[in-house]
Amino acid sequence: MSHAIIRGGDGRRHEVDFEDAEIHIEVYSSDETVQIIVEARNDLAPSDRRRFALLNIPKHLFSSALGEAAQREGTPGPRRA
């Protein structure tokens, strides 16, 4: 099951649970940022209530993290410091 969890500057947690919905992923890249959009396909909710997650990341940080992930062996997922 796909999901996204964020915690804002105010400490509040926000979650998007896509459950078993078919999802659509788009990735856009500019010179400075990488944008990743994940949205539920065929979501019947009104447009202002549809499930989606949007992430904008500085391109140099995204590239660095992707390179590190490619070099890791074994366990997928975030590495704990």
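Relevant structure appears above.
Since the structure is predicted, the reported quantities are computational estimates derived from the model, not experimental observations.

Enquirer: How do you make sense of the overall build of the protein chain when you look at a structure like this?
Expert: Scanning the protein chain from terminus to terminus reveals 1 helix and 5 strands. Beginning at the N terminus, the succession of helices and strands in the protein chain can be written as β-β-β-β-β-α. Radius of gyration (C-alpha) of the protein chain: 15 Å, far over the 12 Å computed for a compact globule of 81 residues. If you line up the protein chain on its principal axes, its C-alpha atoms span 40 × 30 × 30 Å. Here the protein chain, with 81 residues, has 12% of them falling under the buried criterion. Nonlocal contacts in the protein chain, meaning residues at least 24 apart in sequence, comprise 23% of its contacts between residues at least 6 apart. Of the roughly 7,000 Å² that the protein chain leaves accessible, carbon and sulfur atoms contribute 51%.

Enquirer: What is the right way to read the layout of surface pockets from this model?
Expert: Empty pockets left among the atoms are what a rolling probe the size of a water molecule brings to light. Here the largest pocket is characterised by a volume of approximately 350 Å³. Elements with a contribution of two residues or more to the lining of the largest pocket: β1 (3-7), β2 (13-17), β4 (33-40) and β5 (52-58). Grouping the amino acids of the lining of the largest pocket by side-chain chemistry returns 12 nonpolar, 3 polar and 1 charged.

Enquirer: What should I look at first to understand the environment of I57 in this one?
Expert: Relative to the elements of secondary structure, I57 occurs in strand β5. Residue classification places I57 among the buried positions, given a relative accessible area of 18%. Aside from chain neighbours lying at most four places away, what touches I57 is E32, T33, V34, I36 and F62.

Enquirer: I'm lost on the pairing of β2 in this one. Help?
Expert: Consecutive residues of a regular strand have side chains that alternate between opposite faces of the sheet. Judged from the 5 bridges that link them, β1 and β2 form a sheet pairing that is antiparallel. Bridging from a neighbouring strand, I6 pairs with H14 of β2. What sits between β1 and β2 in their antiparallel hairpin is a turn of 5 residues, with G11 showing a positive phi close to 85°.

Cut-offs applied
Counting starts from 1 at the beginning of each chain's written sequence and moves along it residue by residue. Per-residue local features of the predicted model are confined to residues with pLDDT of at least 70, and side-chain atom pairs are confined, for both listing and counting, to 80 or more; whole-chain, interface and lining totals are unaffected and use all residues. The side-chain numbers reported here are obtained from all heavy atoms of the structure, hydrogens and water having been left aside. The way it works is that DSSP assigns letters per residue, a run of H or I at least four long becomes a helix, a run of E at least two long becomes a strand, and they are numbered from the N terminus. With the radius of gyration taken over C-alpha atoms, the globule rule is written as 2.2 Å times the number of residues to the power 0.38. Relative accessibility decides the category of a residue: with a 1.4 Å probe and only protein chains considered, values under 20% of the type maximum give buried, values over 50% give exposed, and everything between is partly exposed. We call two residues in contact whenever any of their non-hydrogen atoms come within 4.5 Å of each other. For accessible areas, the Shrake-Rupley method is used with a probe of radius 1.4 Å. Any residue's cover is judged against the shown protein chains and nothing else. Definitions used throughout: a 1 Å grid over protein atoms alone; a cavity as a set of points that fits a 1.4 Å probe which cannot get out; a pocket as an open set with protein on both sides within 12 Å along at least five of seven lines; a lining residue as one with an atom within 4 Å of a point. Grid points are joined across faces, edges and corners, and a volume is the space filled by probe spheres set on the points. Throughout this entry, Asp, Glu, Lys and Arg are counted as charged residues, while Ala, Val, Leu, Ile, Met, Phe, Trp, Tyr, Cys and Pro are counted as nonpolar. The remaining residues, Gly among them, count as polar. Any two strands between which DSSP finds at least two bridges are classified as paired.

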